[in-house]
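# A closer look at the structure
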Amino acid sequence: MGMMGAACSDPCASAPTPDTGDTVPTDWTPAALSDDIPVASAAPGQLGPHDLAIWRSASGRIAAWADRCPHRGMRLSHGFVRGERLSCIYHGWGYGEGGQCVRIPAHPELTPPEAIRVPVFSVAEASGVIWVAEEAPDGPPPEFPGVVAFRSLQVSAAPEALAAALGGTGTVIETVLGGAQVVALIQPLRGGAAGLHLLAPEGSDPAALDALSAEVEALRRRVEAAEEMTA
Ligand code: FES
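All residue numbers here refer to positions counted from 1 along the written sequence of the relevant chain. Local features are withheld for residues below a pLDDT of 70 in this predicted model, meaning they are given only at 70 or higher, and side-chain atom pairs are given and counted only at 80 or more; totals for whole chains, interfaces and linings count all residues. Each side-chain value is worked out from all heavy atoms of the structure, with water and hydrogens disregarded.

An unreviewed UniProt entry annotates the protein as Probable oxidoreductase protein of Salipiger bermudensis.

In C-alpha coordinates:
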(Lines give C-alpha, C1' and ligand atoms only; values in the text may rest on other atoms or scores of the structure.)
Protein backbone atom coordinates (compact mmCIF):
# COMPACT_ATOMS: atom_id res chain seq x y z
CA MET A 1 0.00 0.00 0.00
CA GLY A 2 1.84 3.04 -1.18
CA MET A 3 1.39 6.54 -0.02
CA MET A 4 0.05 8.97 -2.54
CA GLY A 5 3.01 11.09 -3.52
CA ALA A 6 5.98 10.76 -5.72
CA ALA A 7 9.05 9.08 -4.34
CA CYS A 8 12.10 11.30 -4.30
CA SER A 9 15.45 9.95 -5.43
CA ASP A 10 17.18 13.03 -4.05
CA PRO A 11 15.72 13.71 -0.64
CA CYS A 12 17.32 17.15 -0.50
CA ALA A 13 15.74 18.27 -3.76
CA SER A 14 13.37 21.19 -3.65
CA ALA A 15 9.69 20.58 -4.18
CA PRO A 16 8.94 20.22 -7.90
CA THR A 17 7.53 23.14 -9.78
CA PRO A 18 3.75 22.84 -9.74
CA ASP A 19 2.16 21.76 -13.00
CA THR A 20 0.32 24.51 -14.77
CA GLY A 21 -3.29 24.42 -13.72
CA ASP A 22 -2.69 22.66 -10.45
CA THR A 23 -4.83 24.20 -7.80
CA VAL A 24 -5.22 23.69 -4.11
CA PRO A 25 -8.60 22.16 -3.28
CA THR A 26 -10.57 24.26 -0.82
CA ASP A 27 -12.34 21.34 0.84
CA TRP A 28 -10.95 18.31 2.66
CA THR A 29 -8.89 16.12 0.32
CA PRO A 30 -8.07 12.47 1.06
CA ALA A 31 -4.30 12.08 1.27
CA ALA A 32 -3.67 8.64 2.79
CA LEU A 33 -5.21 5.86 4.79
CA SER A 34 -4.78 6.07 8.55
CA ASP A 35 -3.24 2.59 8.67
CA ASP A 36 -0.55 3.68 6.23
CA ILE A 37 0.85 6.17 8.78
CA PRO A 38 1.43 4.10 11.91
CA VAL A 39 2.47 5.61 15.23
CA ALA A 40 5.92 7.25 15.16
CA SER A 41 6.27 7.35 11.37
CA ALA A 42 6.31 9.86 8.52
CA ALA A 43 5.59 9.56 4.80
CA PRO A 44 5.26 11.88 1.79
CA GLY A 45 1.92 13.14 0.51
CA GLN A 46 0.46 15.79 -1.78
CA LEU A 47 -2.12 18.53 -1.70
CA GLY A 48 -2.37 20.32 -5.04
CA PRO A 49 1.07 21.82 -5.71
CA HIS A 50 2.24 21.23 -2.13
CA ASP A 51 4.46 18.36 -1.05
CA LEU A 52 3.49 17.18 2.41
CA ALA A 53 5.18 15.33 5.23
CA ILE A 54 2.37 13.42 6.89
CA TRP A 55 3.42 12.04 10.23
CA ARG A 56 2.05 10.53 13.40
CA SER A 57 3.53 11.17 16.84
CA ALA A 58 4.18 8.55 19.50
CA SER A 59 0.89 9.43 21.15
CA GLY A 60 -0.97 8.97 17.84
CA ARG A 61 -1.41 12.63 16.88
CA ILE A 62 -1.56 13.06 13.09
CA ALA A 63 -0.01 16.08 11.34
CA ALA A 64 0.51 17.31 7.78
CA TRP A 65 3.34 19.75 7.23
CA ALA A 66 5.21 21.22 4.29
CA ASP A 67 7.76 18.63 3.25
CA ARG A 68 10.72 20.94 3.54
CA CYS A 69 13.02 21.53 6.49
CA PRO A 70 13.46 25.28 7.14
CA HIS A 71 17.18 24.71 7.69
CA ARG A 72 18.43 23.46 4.31
CA GLY A 73 15.41 22.07 2.58
CA MET A 74 15.68 18.36 3.33
CA ARG A 75 12.38 16.54 2.99
CA LEU A 76 10.88 16.13 6.44
CA SER A 77 9.04 13.02 5.26
CA HIS A 78 12.46 11.35 5.42
CA GLY A 79 12.76 12.41 9.05
CA PHE A 80 12.23 10.46 12.24
CA VAL A 81 9.69 10.75 15.00
CA ARG A 82 10.71 10.91 18.63
CA GLY A 83 7.81 11.34 21.00
CA GLU A 84 5.75 14.32 19.84
CA ARG A 85 8.49 15.71 17.63
CA LEU A 86 9.48 15.24 13.98
CA SER A 87 13.20 15.56 13.43
CA CYS A 88 14.98 16.23 10.18
CA ILE A 89 17.28 13.40 9.13
CA TYR A 90 20.00 15.77 7.89
CA HIS A 91 21.16 17.82 10.91
CA GLY A 92 18.55 16.65 13.38
CA TRP A 93 16.62 19.86 13.91
CA GLY A 94 13.47 18.90 15.78
CA TYR A 95 10.00 20.37 15.19
CA GLY A 96 7.10 20.20 17.64
CA GLU A 97 3.49 21.20 17.76
CA GLY A 98 2.51 23.83 15.19
CA GLY A 99 5.70 23.17 13.21
CA GLN A 100 7.82 25.16 15.65
CA CYS A 101 11.52 24.30 15.77
CA VAL A 102 12.23 23.19 19.32
CA ARG A 103 15.70 21.69 19.12
CA ILE A 104 18.92 22.29 17.23
CA PRO A 105 21.33 19.52 18.23
CA ALA A 106 24.46 21.53 17.34
CA HIS A 107 23.32 24.20 19.83
CA PRO A 108 21.51 22.28 22.58
CA GLU A 109 21.39 25.30 24.91
CA LEU A 110 19.73 27.53 22.32
CA THR A 111 16.00 28.17 22.30
CA PRO A 112 15.28 28.25 18.55
CA PRO A 113 13.74 31.51 17.31
CA GLU A 114 9.98 31.41 16.76
CA ALA A 115 10.53 32.30 13.12
CA ILE A 116 11.94 28.82 12.49
CA ARG A 117 8.69 27.08 11.82
CA VAL A 118 7.41 24.56 9.26
CA PRO A 119 4.18 25.57 7.44
CA VAL A 120 1.36 23.45 8.79
CA PHE A 121 -1.75 22.19 6.97
CA SER A 122 -5.12 21.26 8.40
CA VAL A 123 -5.52 17.54 8.93
CA ALA A 124 -8.27 15.27 10.25
CA GLU A 125 -9.08 11.57 10.28
CA ALA A 126 -12.47 10.07 9.44
CA SER A 127 -13.51 6.61 8.25
CA GLY A 128 -9.88 5.47 8.40
CA VAL A 129 -8.79 8.18 5.95
CA ILE A 130 -6.40 11.08 6.53
CA TRP A 131 -7.86 14.26 5.06
CA VAL A 132 -5.86 17.43 4.47
CA ALA A 133 -6.64 21.03 3.57
CA GLU A 134 -4.67 24.24 3.23
CA GLU A 135 -7.11 26.20 5.36
CA ALA A 136 -9.45 24.52 7.84
CA PRO A 137 -12.77 23.87 6.02
CA ASP A 138 -16.01 24.82 7.77
CA GLY A 139 -16.95 21.31 8.86
CA PRO A 140 -15.27 17.96 9.50
CA PRO A 141 -14.43 15.56 6.65
CA PRO A 142 -17.16 13.09 5.63
CA GLU A 143 -17.85 9.82 7.43
CA PHE A 144 -18.94 6.70 5.56
CA PRO A 145 -20.82 4.25 7.75
CA GLY A 146 -20.64 0.54 6.92
CA VAL A 147 -17.31 0.69 5.11
CA VAL A 148 -13.70 0.69 6.29
CA ALA A 149 -10.48 1.87 4.70
CA PHE A 150 -9.09 -0.90 2.51
CA ARG A 151 -6.25 0.22 0.24
CA SER A 152 -4.80 3.09 -1.77
CA LEU A 153 -3.49 3.02 -5.31
CA GLN A 154 -1.90 5.58 -7.57
CA VAL A 155 -3.38 5.72 -11.08
CA SER A 156 -1.58 7.32 -14.04
CA ALA A 157 -4.70 8.92 -15.43
CA ALA A 158 -6.68 12.09 -14.90
CA PRO A 159 -9.04 12.08 -11.90
CA GLU A 160 -11.99 12.64 -14.26
CA ALA A 161 -11.08 9.53 -16.29
CA LEU A 162 -10.81 7.46 -13.12
CA ALA A 163 -14.16 8.75 -11.88
CA ALA A 164 -15.78 7.91 -15.23
CA ALA A 165 -14.36 4.37 -15.13
CA LEU A 166 -15.92 3.99 -11.69
CA GLY A 167 -19.24 5.09 -13.14
CA GLY A 168 -19.41 8.48 -11.48
CA THR A 169 -18.18 12.03 -11.36
CA GLY A 170 -16.44 14.12 -8.74
CA THR A 171 -14.18 12.85 -6.00
CA VAL A 172 -16.48 10.65 -3.90
CA ILE A 173 -18.05 7.72 -5.74
CA GLU A 174 -20.21 5.01 -4.22
CA THR A 175 -20.26 2.02 -6.55
CA VAL A 176 -20.08 -1.76 -6.83
CA LEU A 177 -16.66 -3.22 -7.53
CA GLY A 178 -15.76 -6.91 -7.47
CA GLY A 179 -19.25 -7.62 -6.17
CA ALA A 180 -18.80 -5.30 -3.17
CA GLN A 181 -20.46 -1.99 -2.40
CA VAL A 182 -17.51 0.38 -2.02
CA VAL A 183 -16.70 4.03 -1.56
CA ALA A 184 -13.98 5.33 -3.88
CA LEU A 185 -12.25 8.56 -2.89
CA ILE A 186 -10.30 10.24 -5.67
CA GLN A 187 -7.35 12.49 -4.94
CA PRO A 188 -6.02 14.75 -7.72
CA LEU A 189 -2.25 14.34 -7.99
CA ARG A 190 0.30 16.33 -9.94
CA GLY A 191 1.19 15.32 -13.47
CA GLY A 192 -2.33 14.31 -14.45
CA ALA A 193 -2.44 11.37 -12.04
CA ALA A 194 -4.92 10.39 -9.38
CA GLY A 195 -4.90 8.69 -6.02
CA LEU A 196 -7.63 6.17 -5.36
CA HIS A 197 -8.48 5.48 -1.73
CA LEU A 198 -10.89 2.59 -1.49
CA LEU A 199 -13.26 1.84 1.39
CA ALA A 200 -14.66 -1.71 1.50
CA PRO A 201 -17.64 -3.16 3.35
CA GLU A 202 -17.05 -3.70 7.04
CA GLY A 203 -16.51 -7.37 7.91
CA SER A 204 -15.55 -8.43 4.36
CA ASP A 205 -13.89 -11.84 4.32
CA PRO A 206 -10.41 -12.27 2.80
CA ALA A 207 -11.77 -13.85 -0.40
CA ALA A 208 -14.05 -10.86 -0.98
CA LEU A 209 -11.16 -8.47 -0.41
CA ASP A 210 -8.95 -10.46 -2.81
CA ALA A 211 -11.68 -10.20 -5.44
CA LEU A 212 -11.98 -6.48 -4.81
CA SER A 213 -8.22 -6.02 -5.12
CA ALA A 214 -8.14 -7.92 -8.41
CA GLU A 215 -11.02 -5.87 -9.75
CA VAL A 216 -9.55 -2.52 -8.81
CA GLU A 217 -6.17 -3.42 -10.27
CA ALA A 218 -7.85 -4.47 -13.52
CA LEU A 219 -9.72 -1.18 -13.53
CA ARG A 220 -6.47 0.72 -13.05
CA ARG A 221 -4.91 -1.10 -16.03
CA ARG A 222 -7.93 -0.31 -18.21
CA VAL A 223 -7.96 3.38 -17.27
CA GLU A 224 -4.23 3.76 -17.79
CA ALA A 225 -4.36 1.99 -21.16
CA ALA A 226 -7.19 4.25 -22.31
CA GLU A 227 -5.28 7.31 -21.10
CA GLU A 228 -2.20 6.23 -23.04
CA MET A 229 -4.21 5.84 -26.23
CA THR A 230 -5.55 9.37 -25.96
CA ALA A 231 -2.20 10.92 -25.03
S1 FES B 1 18.29 20.37 6.55
FE2 FES B 1 17.00 19.83 8.15
S3 FES B 1 18.22 20.04 9.92
FE4 FES B 1 19.48 20.69 8.31
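### Comments concerning the environment of Leu33
Rule in force here: Think of it this way: any DSSP run of H or I at least four residues long counts as a helix, any run of E at least two long counts as a strand, and we number them from the N terminus. Type-normalised accessible area, obtained with a 1.4 Å probe on protein chains alone, sets the label of each residue: buried when under 20%, exposed when over 50%, and partly exposed for intermediate values. Residues are treated as being in contact if the distance between any of their heavy atoms lies within 4.5 Å.
Here Leu33 shows up in strand 1 (residues 29–33). The class for Leu33 is buried, based on a relative accessible area of 2%. Counting along the chain gives 119 residues from Leu33 to Ser152, while the straight-line C-alpha distance between them is 7.1 Å. Residues within four places of Leu33 in sequence aside, it is in contact with Gly128, Val129, Ile130, Ala149, Phe150, Arg151, Ser152 and His197.

### Considerations on the sheet that holds strand 3 (residues 50–56)
Keep this limit in mind: In this analysis, strands are considered paired if DSSP registers two or more bridges between them. For helices, the fitted axis covers only the stretch in contact; all axes are lines through C-alpha atoms, and the angles between them, taken along N-to-C directions, range from 0 to 180 degrees.
In spatial order, the strands read 1-10-9-4-3-2; together these six strands make up an open sheet with antiparallel pairing. In this open sheet, the two edge strands, each paired with only one partner strand, are strand 1 and strand 2 (41–47). Neighbour to neighbour, the strand axes of the sheet diverge by 30° on average, direction disregarded. Bridge count for strand 2 against strand 3 is seven bridges, and the pairing is antiparallel. The partner of Leu47 across the bridge, within strand 3, is His50.

### Concerning unusual backbone geometry
Notably, Ala40 is not glycine yet its phi reads approximately 60°, a positive angle. Overall, Ala40 belongs to the partly exposed group, its relative accessible area being 38%.

### Some remarks on the pattern of salt bridges
Applied cut-off: Salt bridges, as used here, are contacts in which a Lys or Arg side-chain nitrogen is within 4 Å of a carboxyl oxygen on Asp or Glu.
One pass over the structure, following the stated rule, counts six salt bridges. Of the charged contacts, one joins Arg75 and Asp51 as a salt bridge, the two residues approaching to 3.6 Å between their closest N and O atoms. Remark: Asp51 occurs in strand 3 and Arg75 occurs in the loop between strand 4 (62–66) and strand 5 (80–82); sequence separation between them is 24 residues. As far as burial versus exposure is concerned, Arg75 and Asp51 are alike and both buried. Here Arg151 makes a salt bridge to Glu217, at a shortest N to O gap of 2.5 Å. One end of the pair, Arg151, is in strand 11 (residues 147–155); the other, Glu217, is in helix 2 (residues 206–230), and 66 residues separate them in sequence. Taken together, the shared-partner salt bridges connect Asp51, Asp67, Arg75 and Arg190 into one network.

### A word on the UniProt feature "domain: Rieske" (unreviewed entry) in the protein
The test is simple: UniProt positions are given in the numbering used here, feature names are shortened, and annotations may be inferred rather than shown by experiment.
Per the UniProt entry, the sites bearing "domain: Rieske" (unreviewed entry) are residues 28–132 in this numbering. Secondary structure across residues 28–132 divides into 0% helix and 44% strand, with the first and last C-alpha atoms of the span separated by 5 Å.

### Here's the deal with the domain arrangement of the protein
We apply this condition: For the purposes of this description, domain bounds are those given by an automatic or database domain assignment. The term buried area denotes the loss of accessible surface (1.4 Å probe radius) that occurs when two parts are joined, taken as the sum for both partners. Between N or O atoms, a polar contact is any pair within 3.5 Å; within protein, one atom must be a potential hydrogen donor and the other a potential acceptor, and residues adjacent in sequence are included only when both atoms are from side chains.
Here the protein is described as being made up of domain 1 (29–133) and domain 2 (147–230). Computed from C-alpha atoms alone, the centre-to-centre distance between domain 1 and domain 2 is 28 Å. Contacts between the two partners involve 15 residues from domain 1 and, on the opposite side, 11 residues from domain 2. Both sides together, the interface formed by domain 1 and domain 2 hides about 990 Å², and carbon and sulfur atoms give 58% of it. The three residues of domain 1 that bury the most area against domain 2 are Pro30, Leu33 and Gln46, which together make up 52% of that side's buried surface. Linking domain 1 to domain 2 there are one salt bridge. A salt bridge links Asp51 to Arg190; its shortest N-O distance comes to 2.7 Å. For the pair domain 1 and domain 2, the number of links is six residue pairs in polar contact (both at pLDDT 80 or more).

### Observations concerning the nonpolar core
Quick reminder of the rule: Throughout, nonpolar core names a set of buried Ala, Val, Leu, Ile, Met, Phe, Trp, Tyr and Cys residues whose side chains join them through atoms within 4.5 Å.
Residues Leu52, Ile54, Trp65, Leu76 and Tyr95 are the most contacted members of the largest nonpolar core, which totals 29 residues. For this core, the elements supplying multiple residues, two or more each, are strand 1, strand 2, strand 3, strand 4 and strand 10 (129–133). Ranked by residues supplied to this core, first place goes to strand 4 with five residues. In terms of nonpolar packing, the next biggest core, distinct from the first, is built from 21 residues, Ile173, Ala180, Val216 and Leu219 among them.

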